[in-house]
Amino acid sequence: MSEADTTSVADADLHVRANFDKITRSYLLSVLSDALIEEHRRKPEGHHSEPLTRLLNWCQTRPLHEQYAVLQEAGGCYRVVRLSGKPRVPPARVGSESYASLREARHAVFLNHIKDLTGK
Amino acid sequence: MAQQKIFGYANRISVKQGEEITFHVNCDGASEAQAQLVRLIHGDAHEAGPGFQEEEVAHPLNGAWQVKKQFTQLGSFLQVEDSDNRLAVEGPFTLFCHIWPTIPKKGARQTLLGRWDTRNNTGFALGINPEGYLEFWVGDGKEVDYVTAELPLVARMWYFVGASFDPATGKATLYQEGVANRYNSLLGKVVPHDYASHVRQTFRFRHKNVASVPFLIAGARDHHLLRGDFVNDLYAGKIDRPAICDRVLDRTELDACKTGAKPKAAAILAYWDTTAGYSDRGVGQTVFDAGPHGLHAEGVNHPVRAMTGFNWNGRDDCFRLAPDQYGGIEFHPDAVTDCRWDETARITIPSDLQSGIYAMRLRIGPGTGITEEYIVFIVRPAKPSAKLCYLIPTASYLAYGNESLSFDAHIIQPMTGQPPVVTELDIETYEHREYGLSTYDHFEDGAGVCFSSYLRPVINMRPKYRMSSMNITWQFPADLSISAWIRHQGYDCDFITDEDLDREGLDAIRPYNCVITGTHPEYVSERMLDAQEDFVAGGGRLIYMGGNGYYWVVGFARDNPACMEVRKLDSGMRAWAAKPGEHYLQTTGEKSGLWRNRGRAPQKLTGVGFIGEGFETASPYRKMPDAWHRTASWITEGIEGEIIGDQGLAYGAAGGIELDRYDLSLGTPPHTKIIAATGGHSDNYVLVTEELLYAYAGLVGSLDYRIRGDMTYFTAPNDGAVFCTGSIGYGQALPANGFDNSAAKVLANVVEAFVKDGPLPGTRWTLEEKQWR
Ligand SMILES: [Fe+2]
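Undergrad: Looking at this structure, I do not really get the overall build of chain A. What am I missing?
TA: When you go through chain A residue by residue, the secondary structure sums to 4 helices and 3 strands. Counting helices and strands in the order they occur from the N terminus, chain A gives α-α-α-β-β-β-α. C-alpha extents for chain A along the principal axes are approximately 50 × 35 × 25 Å. By the burial criterion, 35% of the 120 residues in chain A qualify as buried. A separation of at least 24 residues holds for 46% of the contacts in chain A among residues at least 6 apart in sequence. With 17 positive and 15 negative side-chain charges, chain A shows a spacing of 5 Å between the two charge centroids.

Below is the structure:
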């Protein structure tokens, strides 16, 4: 953080949160690997390695408007949506893919978080 | 064509054979719905269970129902009973009240009090303009004159505000002063804010009184072409002791009123004494006018009372100690406790319809998703006849009614460890928000929701529904797994609800040998708790099928059992926290919060109480040494090996979701046996907050042995007994593998023993068991 980062916010706590998040992201980028992503694909629930545990914790505690959900469509297939974070504003579709299983959709949510993390 | 959707509710949640029930339906895009009475058999489509099952029941009222668009009045406000239009003042007058606004800068006008028609611009009112400034205005149907304060109102600060108007001179005077003390407001006196504003202006126009416009507090009359008259410009925040006088009060007089003094009696037209009517049993929805005409006001959609007023001193923490400090009434523009829709149809429950869980199924168009509605109700027997009674936890259904945690609660994804799985129904309900909130939600101003009612569509109290944040059935649809099992077993069973127990007490369950609960009977009134305790002490047998039960202290208003109140406070896994001084139920006068904090931990009745929760995996139980004890070995008879409940519809096993633990220090009966316990839970399982004195790292499933569900058993006086599963997931394990599984086997052993008259199995050993272990 530097003077250059100074913007006027109503809640100064956001500055501290942003700093914490920057540090967390740089750790997560240092441990991110294909193996970690594969670990989630194989088993999205239950006990995980420490890096994956920390990565999932970051995903799950991001601000609401950066969170995703799975939309189960009437036909039974699944899509990824992003929450609005605004009261009464419904979630928006992310991408056009649909998934045959919930497990695949959950992993797709995870991959969207990774995309946000890496900016790629 | 408009989007097709259909929603409805019934006037009752529990109805006896031979009684009447009315249905109230709102429909878009169709004028006729196909109605079919159904008995609900199973509610979850999960592939490990029997799938969704219902049985159509013949009834003369089945068939086409005329349906229409119905409108819902959102928002809480007070409606003044003024049939003689005494408040249609033509001469000079003054309005005043104390306020604690929560969203002053709402971007929309909020009315505090007055006789105002927003559509035709007639009348007068004191309110807050869209930018957050106190404002007084008058209108003659063409023109409106305003006088506005110089400073915006600050949220969550107490003010005394008023306005006077003299039509003879056109002089309008606005009065605004801060009245924060050390306790009553968000900010203290160290903040260098200026709260006062006094403005005088000469109006060009005069107010015109129209006879049909009502005097309202916290809202104003509006009109819509299709809908007709309704209340709009709703206010968010508290109002304390509003009044209207029939002359201009001068600055000195208003300075006195600011401290809580009443104006001279001769000047008062109406003075709503919001502190009147309290007793140690709470307070109702009528706000009494202490003025000469008795123009009492009636709360619509449950404005919240038993709230601190402008003069709360921070020392007296309950209206029972100092009612004069509890004049605050809290209003919410998004509250709804009764949709007040026109009746669509009424049916008489056939006197030979078997007691059970039923619904009126309504379909339009494709008849799936939001074009299909199930209005659920429980049919009680006219006369009890079975030995087994299923106590349907309707209070807990209300608590969760229309929850929107997936969309609004930042806490939910870390809690559940998974992204929510939402459907069209969830999104539709969330977007429109016309059917009110649950006690897990917050109003738009951030306040926790303390009232929930079934006089509105409750979209998660229906079959096929899964709680989106956890992607499992929850409450009502989960409880269908238990009734499906009871039916599969062929047990004779009567069904009753929490509402019946609250109204009738022990009498409602006295005839039965055994009462079995739902999966998550978390919300309990004192009468419900007393009845179950007396039932067990009197020789009844209780099977507590869930986790996190007997937890919150709730109250039902005597005159309106459809509406439940809870205040969440102090400790416990809770979605919100009541503010200081606001911990007592307005409906009963009791302290709310956890029963544990009132000396009645769930362990005292059941043997177990809430210890941990997690939402992505579940575990089976492992037998503990007491399983082989000669007084209790009959419970696990027929179970090979040590493992119980290794299948299920909720995360694949019987032990999970919310877990309860045996704890002697909280009143578990000392002779209670732990038959089996879950364990090996993931770290998504966390310790409950009421267990926390100091927090430290490691209060999670794999590190803390206390986080488990205990299957327990103890005997009570007069051949009574209690058996607990200690886990919410147990009920959803029953249908696994065609109802053929170890969890179901254990429960069958217990139910079959518990419904029999006379001594329980294993009790012939108890003479030797004087030492109890
Ligand atoms: Fe709960």
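Undergrad: What is the right way to look at the coordination of the iron ion in this model?
TA: A metal bound by six donors in octahedral fashion has ideal angles of 90 or 180 degrees, whereas one bound by four tetrahedral donors has an ideal angle of 109.5 degrees. Residue and element names in this part refer to chain B. All of the protein donors around the iron ion are Tyr 400 (OH), His 520 (NE2) and Glu 522 (OE); their distances to the metal are 1.9 to 2.1 Å. Motif for the iron ion, donor spacing along one chain: Y-x119-H-x1-E. Of this pair, Tyr 400 sits in the loop between helix H2 (394–399) and helix H3 (405–408) while Glu 522 is found in the loop between strand S32 (514–517) and strand S33 (523–524), placing the two residues 122 residues apart along the sequence. For the residue pair Tyr 400 and Glu 522, the accessibility class agrees, reading buried in each case.

Undergrad: Which parts of the structure should I look at to understand the pairing of strand S18 (residues 228–232) of chain B?
TA: Successive side chains on a regular strand alternate, one facing one side of the sheet and the next facing the other. Residues and elements named next belong to chain B. As defined by bridge partners, strand S17 (residues 220–224) adjoins S18 across 5 bridges and the pair is classed as antiparallel. Of the residues in S18, the one forming a bridge with Arg 221 is Val 231. The hairpin turn running from S17 into S18, its antiparallel successor, is 3 residues long.

Undergrad: Would you mind showing me how to read the packing of helix H2 (residues 34–42) of chain A against helix H3 (residues 50–61) of chain A here?
TA: All names here are of chain A. Here H2 crosses H3 at 75 degrees, and the two axes come no closer than 10 Å. Here H2 lies roughly perpendicular to H3, going by the angle between them. Across the interface between the two elements, Leu 36, Glu 39 and His 40 of H2 pack against Pro 51, Leu 52, Leu 55 and Leu 56 of H3. When its residues are assigned to classes, the contact of H2 with H3 shows 5 nonpolar, 1 polar and 1 charged.

Undergrad: Mind showing me how you'd approach the sheet that holds strand S42 (residues 686–687) of chain B here?
TA: Residue and element names in this part refer to chain B. With respect to topology, 3 strands assemble into an open sheet ordered S40-S37-S42, the strand pairing being antiparallel. Single-partner strands in this sheet number two, and they are strand S40 (655–662) and S42. Pairing geometry for strand S37 (residues 608–619) and S40, over 8 bridges, is antiparallel. When the bridges of S40 are listed, Ser 619 appears paired with Gly 655.

Undergrad: Help me out: how do you make sense of the side chain of Glu565(B) in this one?
TA: Residue and element names in this part refer to chain B. Looking at the secondary structure, you find Glu 565 in strand S36 (residues 560–566). Classification of Glu 565 by relative accessible area gives buried; the value is 0%. From its side chain, Glu 565 meets the backbone nitrogen of Gln 586 in a polar contact 3.0 Å long. Polar contacts involving the side chain of Glu 565 include one to the side chain of Thr 587, which spans 2.7 Å. Contacts of Glu 565, omitting those with residues within four sequence positions, involve Cys 450, Phe 451, Val 553, Val 554, Gly 555, Tyr 584, Leu 585, Gln 586 and Thr 587.

Undergrad: What is the right way to look at the packing of aromatic side chains in this model?
TA: Here the distance between the centres and the angle between the planes together describe a pair of aromatic rings. All names here are of chain B. Counted under the stated rule, the structure contains 38 aromatic pairs over all chains. On the basis of an interplanar angle of 55 degrees and a centroid distance of 5.9 Å, the ring pair of Phe 23 and Phe 377 is categorised as tilted. You can see Phe 23 sitting in strand S3 (residues 20–28) and its partner Phe 377 sitting in strand S27 (residues 372–380), a full 354 residues away along the chain. On the numbers, 6.2 Å between centres and 10 degrees between planes, the contact of Phe 136 with Phe 203 is stacked. With Phe 136 in strand S11 (residues 133–140) and Phe 203 in the loop between strand S15 (197–202) and strand S16 (216–217), this pair connects stretches of sequence that are 67 residues apart. No difference in accessibility class separates Phe 136 from Phe 203, as the two residues are buried. In this structure an aromatic cluster arises from ring pairing among Tyr 400, Tyr 440, Trp 474, Tyr 523, Tyr 551, Trp 552, Phe 610 and Phe 615. One cation-aromatic arrangement involves Lys 464 over Phe 52; the distance from NZ or CZ to the ring centre is 4.5 Å. A cation sits over an aromatic face here: Lys 568 above Tyr 440, 3.8 Å from the ring centre.

Undergrad: Whenever I open this one, the sheet that holds strand S25 (residues 345–348) of chain B confuses me. Can you help?
TA: Across a sheet, strands are paired by hydrogen bonds formed along the backbone, either parallel or antiparallel in direction. All names here are of chain B. Spatial ordering of the open sheet is given by S1-S3-S25, a layout of 3 strands whose pairing is antiparallel. Taken across any chain shown, the strands that pair with only one partner, and hence form the sheet edges, are strand S1 (5–10) and S25. Pairwise comparison of adjacent strand axes, ignoring direction, gives a mean angle of 25 degrees for this sheet. Two strands pair when backbone bridges link them, and S3 and S25 are joined in this way by 4 bridges, in the antiparallel orientation.

Undergrad: Where do I start with the interface of chain B and chain A in this structure?
TA: Opposite the 27 residues of chain B that make contact, chain A presents 26 residues. Of the roughly 2,100 Å² buried between chain B and chain A, counting both surfaces, carbon and sulfur atoms make up 61%. When residues of chain B are sorted by the area they lose upon contact with chain A, His410(B), Gln413(B) and Pro419(B) head the list and together hold 23% of the total. The interface formed by chain B and chain A includes 0 salt bridges.

Undergrad: I'm lost on unusual backbone geometry in this one. Help?
TA: Peptide bonds are mostly trans, and most non-glycine residues show a negative phi. Residues and elements named next belong to chain B. Despite not being glycine, Asp 233 shows a phi value in the positive range, around 50 degrees. Of note, Asp 233 is situated in the loop between S18 and strand S19 (237–245). Taking relative accessible area as the criterion, Asp 233 reaches 16% and is therefore assigned buried. Positive phi is not limited to glycine here, since Tyr 651 has a value of about 60 degrees. Looking at the secondary structure, you find Tyr 651 in the loop between strand S39 (643–644) and S40.

Undergrad: So what exactly am I meant to see when it comes to the confidence of the model for chain B here?
TA: Residues shown with low pLDDT carry predicted positions that ought not to be read at fine detail. Across chain B, the average pLDDT comes to 96, with 99% of residues at 70 or higher. Predicted as a complex, the structure gets a pTM of 0.97 and an ipTM equal to 0.96.

The rules we used
- Every residue gets a number counted from 1 within its own chain, in the order that chain's sequence is written.
- Just so you know, chain letters begin at A and ligand numbers begin at 1, following the order they were written in.
- At least 70 in pLDDT is required for a residue's local features to be given in this predicted model, at least 80 for side-chain atom pairs to be given and counted, and no such filter applies to totals for whole chains, interfaces and linings, which use all residues.
- As a convention, hydrogens and water are excluded, and side-chain values are obtained from all of the structure's heavy atoms.
- Only DSSP runs of H or I covering at least 4 residues are called helices, and only runs of E covering at least 2 are called strands; the numbering of each starts at the N terminus.
- The buried label goes to any residue with under 20% of its type's maximum accessible area, the exposed label to any with over 50%, and the partly exposed label to all in between, with areas taken from a 1.4 Å probe on protein chains only.
- Any two residues whose heavy atoms approach within 4.5 Å are treated as being in contact.
- The charge count includes Lys and Arg as positive and Asp and Glu as negative, but it does not include His or the ends of the chains.
- In plain terms, the charge of a residue is placed at NZ if it is Lys, CZ if Arg, CG if Asp and CD if Glu.
- Only nitrogen, oxygen and sulfur atoms within 2.8 Å of the metal, or 3.2 Å for Na, K and Ca, are treated as donors, and water is left out, so sites may look incomplete.
- Note on pairing: DSSP must find at least two bridges between two strands before they are called paired.
- Orientation is described by axes fitted as lines to C-alpha atoms, over the contacting stretch for helices, and by angles from 0 to 180 degrees between their N-to-C directions.
- Each angle is binned into one of four classes, with values under 35 degrees roughly parallel, values over 145 roughly antiparallel, values of 65 to 115 roughly perpendicular, and all other values oblique.
- Under this grouping Gly is polar, as are all residues other than the nonpolar Ala, Val, Leu, Ile, Met, Phe, Trp, Tyr, Cys and Pro and the charged Asp, Glu, Lys and Arg.
- Counted as a polar contact is a pair of N or O atoms within 3.5 Å, where, for protein atoms, one must be capable of donating a hydrogen and the other of accepting one, and residues adjacent in sequence contribute only when both atoms are in side chains.
- Pairing of aromatic side chains here covers Phe, Tyr and the six-membered ring of Trp, requires ring centres within 6.5 Å, and sorts the geometry by plane angle: under 30 degrees stacked, over 60 edge-to-face, intermediate tilted.
- Charges are assigned to positions over rings by a cutoff of 6 Å between ring centre and Lys NZ or Arg CZ, combined with an angular limit of 35 degrees from the ring normal.
- By convention, the term buried area covers the 1.4 Å-probe accessible surface removed from two parts as they join, with the contributions of both added.
- The salt bridge criterion pairs a side-chain nitrogen of Lys or Arg with a carboxyl oxygen of Asp or Glu, the two atoms within 4 Å.
- Confidence scores here are pLDDT values: one per residue, from the predictor, ranging 0 to 100.

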